[in-house]
Amino acid sequence: MVRERVTFLKQINEQTQFKGIIRYDEPLSAHTTFKVGGPADVWIRPSATIFEDYAASLLASADAEGIRVFIMGGGANIVPSDAGFRGIVLDSSGYTGPLAEESDAVSFAAGSSIDLVTEIAADKGWGGFEFLAGMPGSIGGAVYMNARCYDTSVSDRLRETVVLAFDNGAFLKKTIPFRETDFGYKKSPFQCEEAANDRRTLILSAKFSIYQRESALIRREMDALRKDREAKGHYRFPSAGSAFKNNRAFGKPVGKIIDELGLKGLSRGGAMVAPFHGNIIINTGDATASDIRLLVDEVKETVFKHTGFVLEPEIIFCKE
Ligand SMILES: Cc1cc2nc3c(=O)[nH]c(=O)nc-3n(C[C@H](O)[C@H](O)[C@H](O)COP(=O)(O)OP(=O)(O)OC[C@H]3O[C@@H](n4cnc5c(N)ncnc54)[C@H](O)[C@@H]3O)c2cc1C
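Computed from a predicted model, the values in this text were never measured in an experiment.

1. Brief notes about the sheet that holds strand β3 (residues 69-72)
Argument step 1. Spatial strand order, β1-β2-β5-β3: 4 strands in an open sheet with mixed pairing. Each of the sheet's edge strands pairs with one partner strand only, and the pair in question is β1 (20-27) and β3. The mean angle between the axes of side-by-side strands here comes to 25°, regardless of whether they run parallel or antiparallel.
Argument step 2. Strand direction decides the pairing type here: strand β2 (residues 39-46) and strand β5 (residues 85-91), joined by 4 bridges, are parallel. Looking at β5, one finds that Trp 43 is bridged to Val 89.

2. A closer look at the sheet that holds strand β7 (residues 105-109)
Argument step 1. If you trace the 5 strands from one edge of the open sheet to the other, you get β6-β7-β13-β11-β12, paired in antiparallel fashion. In this open sheet, the two strands that pair with only one neighbour each are β6 (98-101) and β12 (170-177). Neighbour to neighbour, the strand axes of the sheet diverge by 20° on average, direction disregarded.
Argument step 2. Relative to strand β13 (residues 201-209), strand β11 (residues 158-167) runs antiparallel, the two being bridged by 7 bridges. Bridge pairing in β13 places Leu 158 opposite Phe 208.
Argument step 3. Set on the sheet, helix α3 (residues 51-65) makes contact with β11, β12 and β13; between it and β12 the angle comes to about 125°.

3. Concerning the environment of Ala 249
Argument step 1. By the element assignment, Ala 249 lies in the loop between α6 (215-231) and α7 (254-260).
Argument step 2. It is 8.8 Å that separates the C-alpha atoms of Ala 249 and Phe 309, two residues lying 60 residues apart in sequence.

4. Brief notes about the domain arrangement of the protein chain
Argument step 1. Looking at the protein chain, the domain boundaries give domain 1 (2-94), domain 2 (98-231) and domain 3 (248-317).
Argument step 2. Placing a centre on the C-alpha atoms of domain 2 and another on those of domain 3 gives a separation of 27 Å.

Cut-offs used in this document
- Residues numbered from 1 in each chain as written.
- Predicted model: local features only at pLDDT ≥ 70, side-chain atom pairs only at ≥ 80, totals over all residues.
- Pairing = 2+ DSSP bridges.
- Helix = DSSP H or I, 4+ residues; strand = E, 2+ residues; numbered from the N terminus.
- Axes fitted to C-alpha atoms, helices over the stretch in contact; angles between N-to-C directions.
- Contact = placed C-beta atoms within 7 Å.
- Domains from an automatic or database assignment.

What follows is the structure in structure tokens.
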């Protein structure tokens, strides 16, 4: 039992004067936009003031004990297993806010809500974040995923990322300058081979290029994008946004391919291909992670059978 093996928490909590929330057997369904996922053995959301020190100690101690740590942001792109997670979930969403401001760049803590960042930017007259208006999740998650919408990727604005990286038994703070070759379509150098479970690098913050722009103009653009998302049904049901990655080689958006094959409305248990959007899988009420997995596999198979295209899921299925 992981719960009995996390005796190091007491010492870390004392050292860092822990502030935040620690829960045992915490249902991950309460922390994902899909509203699925069983209990995590331990779930910890440290407060902003202690986050960096706490995370460094926690990652090192857990590593030494062979206990897995899953880092989560807003839970907007993940499907945890129905059986939950055997290990510690480190929730970064308490680590929020702008950290440093320059005339042409600003850094945000990893746990900052993406949508809130766009609001702060609009208030301050910082152009550059408009494209992210209305996107669920955190800055850390957006950098990890290299989130993309409205023809812009997070990497188009990124200047540098500050991380805690594993180095010789400890997790050290490192600044990684942006290099274009490290990023691609929905790809970042922080992504793990495996289904994102055995994390070695924690994104602490990210610095983005900005330019001075009139707040009213920023708001107008953001309002239009939010309305577009609403019209596309993004917020009608629990989901994780696009289920599959687009691919130029397909010649058309994945949603259109799924639609043309008549798969809209297809369901497995409580999971359904949204009747209003081919590339969104929704939780109609009582979906499980297994329902979502089954449906994703079935759509993949049908698309392959009829077109020869191999769809790549964008949703991350987490190991138990
Ligand atoms: C309605 C809706 C619309 C969406 N629209 C879009 C869209 O237009 N474009 C798009 O790209 N995505 C979209 N998404 C998906 C999602 O919003 C993005 O992928 C977002 O960036 C996920 O951020 P998160 O903090 O929720 O990440 P999570 O789901 O919490 O985690 C995703 C991955 O990032 C890792 N991670 C998170 N934080 C950190 C950190 N600090 N350090 C290291 N690793 C970390 C996790 O381990 C996991 O592997 C949408 C989702 C929804 C629900």
